[in-house]
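# Structure assessment
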Amino acid sequence: MSLRTSAAVAVCKASHSIMKLLGRNGRSLPGMIALKLDSQLVEKLSRGHHTIVTTGTNGKTTTTHIVQQAIINAFGGAAYDPTSTNLEQGIATTLCLDSTLAGKRTNDWAVIECDEGASKTILPAMKPQVLIVTNLYRDQVDRYSSWTSARDYIIEAAKASPDTLLVLDADCQVTSSIADAVDNKLVWFGVECPVYDEGIADYDASVACIDCGAELEFSHRTFAHLGTWRCPKCGRSHHDVDIACTKIENPTDKSCTLSLRINGTEHVVDANVRAGYDVYNAVAAVAGLLASGISQTDVFEALAHFTHAAHRFEIFNLDSTEARLLLMKNTAGCNQLINMIQSEDELPQKLVCLLGAEIMDGLSTEWIQDVRWEQICSPTTQVIVGGPKYQDMQQRLSQAGIMPENMKIQTNYASLVEDIAALKEPVTVIANCSTIEALRVELVKKYQPVDYWAEHDHRK
Ligand SMILES: [Zn+2]
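### Some words on the overall build of the protein chain
- A tally of regular secondary structure across the protein chain gives 14 helices and 16 strands.
- What you see for the protein chain is a C-alpha radius of gyration of 22 Å, in line with the 23 Å of a compact globule of 460 residues.
- Each principal axis of the C-alpha distribution contributes one length, and for the protein chain these read about 60 × 60 × 40 Å.
- Per-residue burial for the protein chain yields a buried fraction of 50% across its 460 residues.

### Here's the deal with the sheet that holds strand β3 (residues 130-133)
- Across the sheet, eight strands lie side by side as β2-β1-β3-β4-β5-β8-β9-β10; this open sheet has mixed pairing. Since the sheet does not close on itself, it has two edges, and those belong to β2 (109-113) and β10 (265-271), each with one partner. If you compare each strand with its neighbour and ignore which way they point, the axes differ by 20° on average.
- Those strands touched by helix α4 (residues 60-75) are β1 (50-55), β2 and β3, and its axis lies near 170° from that of β2.

### With respect to the packing of helix α13 (residues 413-423) against helix α14 (residues 433-446)
- Two numbers describe how α13 lies on α14: the axes approach to 9 Å, and their chain directions differ by 65°. At the point where α13 passes α14, the crossing takes the right-handed sense. Across from Tyr413, Ala414, Leu416 and Val417 in α13, the residues of α14 making contact are Ala438, Leu439, Glu442, Leu443 and Lys446.
- The residue inventory of the contact of α13 with α14, partitioned by class, reads seven nonpolar, no polar and two charged.

### Digging into the domain arrangement of the protein chain
- By the assigned domains, the protein chain splits into domain 1 (49-81 + 111-305) and domain 2 (316-446).
- If you average the C-alpha positions of domain 1 and of domain 2, the two centres end up 29 Å apart.
- Across the boundary between the two partners, domain 1 contributes 13 residues, which contact 16 residues of domain 2.
- Taken together, the residues that form the side of domain 1 that touches domain 2 break down as five nonpolar, four polar and four charged.

### Digging into the sheet that holds strand β14 (residues 382-386)
- Ordered by their spatial adjacency, six strands build an open sheet running β11-β12-β16-β13-β14-β15, and the pairing between neighbours is mixed. Looking along the sheet, the strands with just one partner apiece sit at the ends: β11 (314-318) and β15 (407-409). Averaged over all pairs of adjacent strands, the angle between their axes in this sheet comes to 20°, without regard to strand direction.
- Here strand β12 (residues 321-327) runs beside strand β16 (residues 427-431); their pairing, made up of five bridges, is parallel. Residue leucine 326 lies in a different strand from β16, and its bridge partner there is isoleucine 430.

### Description of the pairing of β12
- Of the strand pairs in this sheet, β11 and β12 are connected by five bridges, and their pairing is antiparallel. Residue pairing for β12: phenylalanine 316 is matched across the bridge by alanine 323.

### Description of the confidence of the model for the protein chain
- Averaged over every residue, the pLDDT of the protein chain is 90; the share at 70 or more is 93%.
- Contacts for the low-pLDDT stretch residues 449-460, under 50 throughout, to residues beyond four places or in other chains number 18 contacts.

### Examining helix α7 (residues 149-159)
- Listed in full, the buried residues belonging to α7 are Ala150, Arg151, Tyr153, Ile154, Ile155, Ala157 and Ala158.
- Buried residues belonging to α7 abut β1, α6 (119-126), β3, β4 (165-169) and α8 (173-177).

### Overview of the pairing of β4
- In terms of burial, β4 is largely enclosed, as four of its five residues are buried.
- Sheet analysis places β3 next to β4, joined by four bridges and oriented parallel. Bridge pairing in β4 places leucine 131 opposite leucine 166.
- As defined by bridge partners, β4 adjoins strand β5 (residues 186-191) across four bridges and the pair is classed as parallel.

### Some details on the environment of lysine 233
- Relative to the helices and strands, lysine 233 resides in the loop between β7 (227-230) and β8 (243-249).
- For the pair lysine 233 and cysteine 209, spaced 24 residues apart in sequence, the C-alpha separation works out to 8.9 Å.
- The residues touching lysine 233, leaving out its near neighbours within four places in the chain, are Cys209, Cys212 and Ala214.

Quick notes on the rules
- Residues numbered from 1 in each chain as written.
- Predicted model: local features only at pLDDT ≥ 70, side-chain atom pairs only at ≥ 80, totals over all residues.
- Helix = DSSP H or I, 4+ residues; strand = E, 2+ residues; numbered from the N terminus.
- Rg over C-alpha atoms; globule rule 2.2 N^0.38 Å.
- Buried ≥ 20, exposed ≤ 12 C-beta atoms within 10 Å, placed from the backbone.
- Pairing = 2+ DSSP bridges.
- Axes fitted to C-alpha atoms, helices over the stretch in contact; angles between N-to-C directions.
- Contact = placed C-beta atoms within 7 Å.
- Left-handed = near helix turned anticlockwise from the far one by under 90°.
- Nonpolar A, V, L, I, M, F, W, Y, C, P; charged D, E, K, R; others polar.
- Domains from an automatic or database assignment.
- pLDDT = per-residue confidence, 0-100.

What follows is the structure in structure tokens.
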């Protein structure tokens, strides 16, 4: 290991420790500095190790968490990022934290969540055994010029890592089309049953074929543009799947039972996910893990007991107020949060909606226009809006029916924590990456000084 690499690892570890003391996530900056010292760091720290990478528009985080739990069950540990940063600098930090100062990795396996755009640097560097591609949505217009731009990055990535086995969502026509352009080995997954209770699934009214523009026909739909599709004009169609979810039973707020058909054999397994979009993530993780050679026992055990990402459902107790923090990333993901909130017994009466437009958020806020805020807003809902782009949020929520007298603006995070505590009722906070982190820093200062960013001990 070169002196350059050792220095990069040391600086990364030290700056990560300092940032954590300050209540920060500390996953991006330390890796960024380390990559400046050694631009080959990710490749060097991955060489000779096993890696599973997950990418796609939605579902990366949950899929990654199931995968990491199974790897920990099977091998006792893995390099992973509990905070789900998914750009090259965050991945560099994950690998440095798993390494000694001499650059020797502690764990044989790394479980990595990777942004679609970052895949073209990460795959050639890490050469993973398996790449799971969840789905590719067309609403990433703030980041990509067309529906297939993110796919093209993944194709470029897969071509640069030809021994990587690709695990593809057959229900997404865009993810499927990766197969047409690469020679990598493939495993297919899909969902063959309804995933939501009646009435809350959101289908795209019409879905145009990405090749010829004709309207796709579906023999089965789950939500958004996903389902068993076929193009009547050019003949492209849904690929047969190796691993499918065929039935969802016993749904509760937190879990359900899945019937999985794995290479022709049926298995009924408990899953620590709600019925809904997370079912795709469960199936994706199972497919990726089995493709990596992990035993069914370890995989099913992980599916039943894995720990969800920290701040997806993070809850803070502020004196007599309970605040739950929900992370929104894009239109599709946020509509899924709205579905989840809508499926609860009562709509939240107190909302906090924070909007920023940092690089990690995507620089445009256009995407909030198509989120169906109307479904969780009533004339009596009280909302606090904040974040640098609060005006966009305020304007959209007014449109959704929030009365001006029920909307408060608070752009100072410390004061926002006081405002939330003063509500003395359960509060639902919906915020994007930069704003949720800024709020979290203030919350940690005052309440529950537990460091949720710290690695939870998943070992049993
Ligand atoms: Zn077509």
